[in-house]
Amino acid sequence: MKKHFAESELIINPDGSIFHLHLKPEFLADKVILVGDPGRVSLVASHFDTKECEVESREFRTITGTYKGKRITVQSTGIGCDNIDIVVNEMDALANIDFATRTEKDQLRSLSFVRIGTCGGLQLNTPEGTFVASVKSIGFDGLLNFYAGRNEVCDLDFEKKFKEHMNWNPLLCQPYVIDNNEELLNRIAANDMVRGVTIACGGFFGPQGRELRIPLADPEQNKKVEAFEYKGLRITNFEMESSALAGLSRLMGHKAMTCCMVIANRVAGKANANYKNSIDGLIQKVLDRI
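Here goes a summary of the coordinates provided. Everything quoted here is computed from the prediction, not taken from an experiment. (Residues numbered from 1 in each chain as written. Predicted model: local features only at pLDDT ≥ 70, side-chain atom pairs only at ≥ 80, totals over all residues. Heavy atoms only, no water.)

## Thoughts on the state of the cysteines
Under the defined criterion, the tally for this structure stands at 0 disulfides. Counting only cysteine sulfurs, C260 is the nearest neighbor of C119, a cysteine outside any disulfide, at a range of 4.6 Å. Distance from the sulfur of C259, which forms no disulfide, to the nearest cysteine sulfur (C260) is 6.9 Å. (Disulfide = S-S within 2.5 Å.)

## Focus on a nonpolar patch on the surface
Together, F204, F205 and L212 line one region of the surface with nonpolar side chains, adding up to about 330 Å² of accessible area. On the secondary structure map, F205 appears in the loop between β10 (194-200) and α6 (221-227). Residue class for F205 comes out partly exposed when judged on its relative accessible area of 42%. (Patch = residues over 30% accessible without salt bridge, like charges linked within 9 Å, V, L, I, M, F, W, Y side chains within 5 Å. Areas by Shrake-Rupley, 256 points an atom, 1.4 Å probe, with all protein chains shown as cover. Salt bridge = Lys/Arg side-chain N within 4 Å of Asp/Glu carboxyl O. Helix = DSSP H or I, 4+ residues; strand = E, 2+ residues; numbered from the N terminus. Buried < 20%, exposed > 50% of the residue type's maximum accessible area, 1.4 Å probe, protein only.)

## A word on the environment of S278
On the secondary structure map, S278 appears in the loop between β14 (270-271) and α8 (280-289). Sequence spacing of S278 and M261 is 17 residues, and the spatial spacing of their C-alpha atoms is 9.0 Å.

## Thoughts on the environment of K2
Positionally, K2 belongs in the segment before β1 (31-35). C-alpha separation for the pair K2 and D106, spaced 104 residues apart in sequence, amounts to 9.3 Å. In this structure the side chain of K2 is engaged in a polar contact, spanning 2.9 Å, whose partner is the side chain of D106. (Polar contact = N/O pair within 3.5 Å; in protein donor to acceptor, adjacent residues only side chain to side chain.)

## Looking at the environment of N272
Of note, N272 is situated in the loop between β14 and α8. Residues N272 and E128, spaced 144 residues apart in sequence, show a C-alpha to C-alpha distance of 6.9 Å. Setting aside anything within four residues of it in sequence, one finds N272 in contact with E128 and I263. (Contact = heavy atoms within 4.5 Å.)

Right, here's the structure in full:
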C-alpha cells in the first residue's frame, strides 16, 4: 500500500504549487543549480537562451529555462542547512510525489543538484578566488541526524577520527561526514578546481571560529580543523549548506555536489568583499558541465 502524505506534512498551495518555493511540478528541471543569494539567480539565468518561468517567495527565487539545449532550474536557498532542508525536500516532492493523490510516484525521478556558493579558505593553497569542489562535506549543523538511514550513507570512520582529533564538545551537534556524488563531482570539477573537504557550519561567526564581542568556546577550533588530515584529504573550506545538500540527496536518491569560490582566506586573514564581480566565471563552468 502506498504511503499517503497528509495535508499537514505535504503543504500544497491553492494554486497547486509547493508551500515554500511556490513552484509547480511542471516547472522543475532535472538539472538544478542552487545558489544562496536570490540576486544570483538572475546572474545565472542571464546566460539562459530561453526562460519558461520565474517565481519568487521569501528568499526562494526560481527561474527555469534552457542553456545550450539543457533544461535547467536555478533556485536560491538563502543561508543555512535549515533552508536546504526546505528546498531539497520540496523539490523531491515536486519530482516524486503525485500532488493529486498525495502518494509517491511509481518511478523515482533523480535530480542533479549543483550548489554554487562562496566560502572561506582554510589552507594556503586556497587563496581568494580559488574554486573549491567538495569531495566530502562535514556537517556541524546536525540536520542529517534527524533522518533514518544516516549511518548507512555517512563516512563513520572519518567522523570518529575527526571527533577524536577535535576533542569534540558533547554540547555541540554530532558532526556527520557525507560524500558528494562522485560522477557529478568529476564532471563539474574536471581538472581545474581544488578538491577537498568542506565544513558546513550552523552559523557565520562563532561556528566558523570568528570572534567579535563574545569569546569562543574553543579558541583553538580553527587551528585543529586546519591541521586535520584523513587518508590524504585536508579540510579546505568553511561554508553553510553543502552537508545537508549532499546528505539529503543521498538519502533520497539524487545526485549532489557543491563548488565554491573562496572569498576569504582564514589562514592569511584576507577577504574580497567585491567577489560578485568574479563569481560569474564559476557559474559559466557549471552551466557548461552540468
